[in-house]
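Descriptive structure summary
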Amino acid sequence: ALVVIHLGGGNDANDMIVPMDGAYSDYTKSRPSIAVSKAALSQLSGTHLGHTMGLNSAMSPLLSSFNSGRLAFVVNAGALIKPTTAAEVLNGKAVLPPFLYSHPEQTQYLQGWMGDEDPSGWAGRAIEAMNANASLKAPLLAVNTSSNTAVLGQKSRVINANTRNSKWMGSADLTNSSDQWTQVFESMTRLQSNTSVEAEFARTFRGSFLDSRELAFAQRAATEPAGNFADDDLSQRLRYIAQTMPYYKAIGSSRQIYFTQWGSFDTHANQRYTGVTTGNADQDGQLAELAGALVAFDKSMLAAGMSNEVAVLITSEFSRTLDPASGNGSDHAWGGHWMVMGGGVNGARMYGDKFPSLMLGGVDDVHEQKRGFWLPQISSDQVAADLLTWLGLPADKLTSVMPNLANFTKKNVGFMNG
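Residues numbered from 1 in each chain as written. Predicted model: local features only at pLDDT ≥ 70, side-chain atom pairs only at ≥ 80, totals over all residues. Heavy atoms only, no water.

Across its full length, the protein chain holds 11 helices and 14 strands. Compactness check: the protein chain gives a C-alpha radius of gyration of 22 Å against a globular reference of 22 Å for 418 residues, within 12% of the reference. By principal-axis analysis of the C-alpha atoms, the protein chain measures approximately 70 × 45 × 45 Å. Element-wise, carbon and sulfur atoms account for 49% of the exposed surface of the protein chain, whose accessible area totals about 17,400 Å². A distance of 5 Å separates the average location of the 31 positive side-chain charges in the protein chain from that of its 37 negative side-chain charges. (Helix = DSSP H or I, 4+ residues; strand = E, 2+ residues; numbered from the N terminus. Rg over C-alpha atoms; globule rule 2.2 N^0.38 Å. Areas by Shrake-Rupley, 256 points an atom, 1.4 Å probe, with all protein chains shown as cover. Lys, Arg positive; Asp, Glu negative; His and termini not counted. Charge placed at Lys NZ, Arg CZ, Asp CG, Glu CD.)

Right, let's talk about the nonpolar core for a bit. Counting 62 residues, the largest nonpolar core has V3, F73, L238, M245, L290, L294 and F297 as the members making the most contacts within it. Residues in contact with F297, not counting those within four places in the same chain, are V3, F229, L238, I241, A242, M245, V310, V312 and M341. (Core = buried A, V, L, I, M, F, W, Y, C linked by side-chain atoms within 4.5 Å. Buried < 20%, exposed > 50% of the residue type's maximum accessible area, 1.4 Å probe, protein only. Contact = heavy atoms within 4.5 Å.)

For P246, the position within the fold is in helix α8 (residues 233-250). Distance from P246 to A304, taken between C-alpha atoms, is 7.7 Å for residues 58 residues apart in sequence.

The next point concerns the side chain of N11. Counting through the fold element by element, N11 comes out in the loop between β1 (2-7) and β2 (17-19). When near neighbours in sequence (up to four residues on either side) are disregarded, N11 contacts M16, F265, Q283, L287, S316, F318, S319 and R320.

The next subject is the pattern of salt bridges. If you walk through the whole model with that rule in mind, you get 18 salt bridges. A salt bridge links K137 to E214; the shortest N-O distance between them is 3.5 Å. Taken as a pair, K137 in the loop between α5 (122-130) and β6 (140-143) and E214 in helix α7 (residues 196-221) lie far apart in primary sequence, 77 residues in all. Residue classification places K137 among the partly exposed residues on the basis of a relative accessible area of 31%. Among the salt bridges present, the one from R371 reaches D323, with a minimum N-O distance of 3.0 Å. Linking R371 in the loop between β13 (350-351) and β14 (378-379) with D323 in the loop between β11 (311-316) and β12 (336-341), this pair joins segments that are 48 residues apart in sequence. By relative accessible area, D323 is classed as buried at 16%. (Salt bridge = Lys/Arg side-chain N within 4 Å of Asp/Glu carboxyl O.)

Moving on: α7. Over its 26 residues, α7 extends 38 Å from the first C-alpha to the last, a length consistent with the 38 Å expected when each residue adds 1.5 Å. Among the residues making up α7, those that are buried are A202, F205, G207, F209, D211, E214, L215, A216 and A218. Where the residues of α7 are buried, they touch β7 (159-161), β8 (168-169), α6 (180-188) and α8. (Expected span 1.5 Å × (residues − 1).)

Attention now goes to α8. Counted at 1.5 Å a residue, the expected span for α8 with its 18 residues is 26 Å, and the 27 Å between its end C-alpha atoms agrees. Among the residues of α8, L234, S235, R237, L238, Y240, I241, A242, Q243, T244, M245, Y247 and Y248 are the ones counted as buried. Contacts made by the buried residues of α8 are with β1, β6, β7, α7, β10 (257-262) and α9 (283-303). Sitting at the amino-terminal end of α8 is D232, which places a side-chain oxygen 3.4 Å from the backbone nitrogen of L234. In the segment just after α8, G252 is the residue with positive phi, at about 110 degrees. (Polar contact = N/O pair within 3.5 Å; in protein donor to acceptor, adjacent residues only side chain to side chain.)

Attention shifts here to the environment of T28. Residue placement: T28 occurs in helix α1 (residues 23-30). Along the backbone, T28 and Q154 are 126 residues apart, and their C-alpha atoms lie at a distance of 47 Å.

What follows covers the packing of aromatic side chains. For any pair of aromatic rings, the description consists of the separation of the ring centres together with the inter-plane angle of the planes. Under the counting rule described, the total for this entry stands at nine aromatic pairs. Between Y101 and W334 the ring centres are 6.3 Å apart and the planes differ by 85 degrees, which places this aromatic pair in the edge-to-face class. Of the two residues, Y101 sits in the loop between α3 (86-90) and α4 (103-110) while W334 sits in the loop between β11 and β12, which places them 233 residues apart along the sequence. Relative accessible area serves as the criterion here: at 29%, Y101 is assigned to the partly exposed category. Look at F185 and F205: their rings are 6.1 Å apart centre to centre, the planes differ by 50 degrees, and that puts the pair in the tilted class. Of this pair, F185 sits in helix α6 while F205 sits in helix α7; the two residues are 20 residues apart in sequence, bridging distant segments of the chain. Across this residue pair, the class does not change: F185 and F205 are buried. (Phe/Tyr/Trp six-rings, centres within 6.5 Å; stacked < 30°, edge-to-face > 60°.)

Another point: the pairing of strand β4 (residues 53-56). Direction of pairing for β2 relative to β4: antiparallel, over a ladder of three bridges. Opposite P19, over in β4, you have M53 as the bridge partner. Both strand β3 (residues 41-43) and β4 contribute to a ladder of three bridges, which runs antiparallel. Its bridge partner being in β4, S42 is matched across the sheet by L55. (Pairing = 2+ DSSP bridges.)

This is the structure in structure tokens:
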């Protein structure tokens, strides 16, 4: 199974991973008002891409996951159509992704959106490519989210699950086949009609009914996962997934992709914690929730004996400007750092050819006004290719699932074992 967590709003990766060597002075000079102090960085073991690196201490619970090889960072990933140079971008000769720097479009694009005529995503298309005979059980699930492009297929239905799902559909107890209202609802799913509207209603309602019933059974069978999940929103989402996965595995599910979008990382102001209680949450508080939820989920997978069978990908639509915005925040930019976690991850590493030079107007800055926009060195499709190949998608189907991969000589990143 693959769990995709999308950090909504554009997480500022520049304040998530920071060089602690000589490059730290470039970093603080470029963003003096929102730079993370050295005292608030936790050093990662080893050297990475030529630097000694620090992790924002709000995420320090993940240090052991990284150092033990269960967590990796994908450095400077993002939306790309084809390999592109900084010179091409600055000279106006680059082929750029559509609606670059826009929240909704970049979120959809990273998830494989093919345009208005085909709103499906890479996860949905990959499942269909692996699943020609419709043999997979509950392969696509969105949890507590209405933004679910990644898990939309071209012909498959998505299970829209919620941490508050119950066994009730109106007055019907879905776990009791003898319940009168359950029988009434079930009969509605078998409606026969010559009109296309009524026939489609019955078909769609039957899918919803069966999925809701399965979720009700999953909730009834669930046991408390081993991880210590907090009461915050993301922790409860991952707790729900950790409870649900063993049930689906037990009833025959062999491949699943879960998706959730969480957070308010559009930190134009108050990016560091300032005591302000209005507006967007500060970045550090949200990163702390993310780290705690991931550690609890990872512990749950280990305890359930599923660690090598489950991978977690953490993305965001873009990172943010290196220079600060006027309200002690940062503005929309481009490439950022992502994470991947699990027993199958070749972790304790940072993937990429180089770490961005944290200098305004430096060699990696593709903004005309020198604000610190990083051109991604790794495309979102290359990241997805690693995980989908691990999940079972044949290599010869990668470019049919993600057509832009045909533009890249190297089709993946290489962070999954086996």
